[in-house]
Amino acid sequence: MINDSQVVNAAFRGSFEPALIEEINRIGIYQEVEEGEYLIRPGSYIRSVPIILSGSVKIMRPDAVGNEALLYYLSGLDSCAISMTGSPDNKPSEITAIAEEKTRLIFIPVEKVDEWICRFPTWKQFVFRTYQRRFDDMIATIDSIAFQKLDERLLTYLKKKTQSCQCTVLQVTHEEIAREMATSREVISRLLKQLERVGYLRLSRNKIEIL
């Protein structure tokens, strides 16, 4: 049960009907996480659905040798479509969810997803809208890999990252960008320096300022 119901009421007023907000207050778990904190790790079991109130979370897909590819970002009043499906075969998670910054969120038991679809029209709309957003994100990711050159993919990555944090200064290393884009640090460093020369950004230690 959420102790401070004002948090939920303020976040969802106008989006969910009062009866659903009351349910969220009753069974939801409010949590604040710091930058870099894991919400989901590969091998863990998804028991609840996160709804982001503020901040941002990145969803990654690791491979067998530890490399990770960025799938999409979650921000205000977003949720993870993968967590909504749960796992009918009780299989462990194959994704990583990491807070990009200090983030406030509410966890809803995964079994409530289907139950609330039948009971609350606004929840049904929220779930379907979440699926559509994540599908669009995945199509955009596939398109960038299949049809964009690496420099174009890097620009798309930086744009998404600034949109997610609603900021123009990114606290990120070249190594981290390379890992999320499944390429080498040397290639990313070279492309970032090219972007700096044309005035798109300014580089400093572990920091990128979009101009």
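Residues numbered from 1 in each chain as written. Predicted model: local features only at pLDDT ≥ 70, side-chain atom pairs only at ≥ 80, totals over all residues. Heavy atoms only, no water.

Let's shift gears to helix α5 (residues 121-147). Its 27 residues give α5 an end-to-end C-alpha distance of 38 Å, which sits within 8% of 39 Å, the value for a rise of 1.5 Å per residue. Taken together, the buried positions of α5 are Thr122, Trp123, Phe126, Val127, Thr130, Arg134, Thr141 and Ser144. (Helix = DSSP H or I, 4+ residues; strand = E, 2+ residues; numbered from the N terminus. Expected span 1.5 Å × (residues − 1). Buried < 20%, exposed > 50% of the residue type's maximum accessible area, 1.4 Å probe, protein only.)

Let's shift gears to the domain arrangement of the chain. When the domains of the chain are assigned, the result is domain 1 (5-145) and domain 2 (150-210). For domain 1 versus domain 2, the separation of C-alpha centres amounts to 26 Å. With both sides pooled, the region where domain 1 packs onto domain 2 buries about 1000 Å², and carbon together with sulfur makes up 46% of that total. Linking domain 1 with domain 2 are three salt bridges, by the criterion used here. Of the charged contacts in the structure, one is a salt bridge between glutamate 180 and lysine 58, with a shortest N-O distance of 2.3 Å. (Domains from an automatic or database assignment. Buried area = accessible area lost by both parts, 1.4 Å probe. Salt bridge = Lys/Arg side-chain N within 4 Å of Asp/Glu carboxyl O.)

UniProt records the feature "domain: HTH crp-type" (unreviewed entry) at residues 148-211, using the numbering of this structure. Overall, residues 148-211 shows 56% helix and 16% strand. The separation of its end C-alpha atoms is 23 Å. (UniProt positions renumbered as here; feature names shortened; annotations may be inferred.)

Phi at leucine 77 is positive, roughly 55°, even though this residue is not glycine. By the element assignment, leucine 77 lies in the loop between β5 (68-74) and α3 (81-84). Given the relative accessible area of 29%, leucine 77 is considered partly exposed. The backbone phi angle of asparagine 206 is positive, close to 55°, even though this residue is not glycine. Take asparagine 206: it is sitting in the loop between β9 (201-204) and β10 (207-210).

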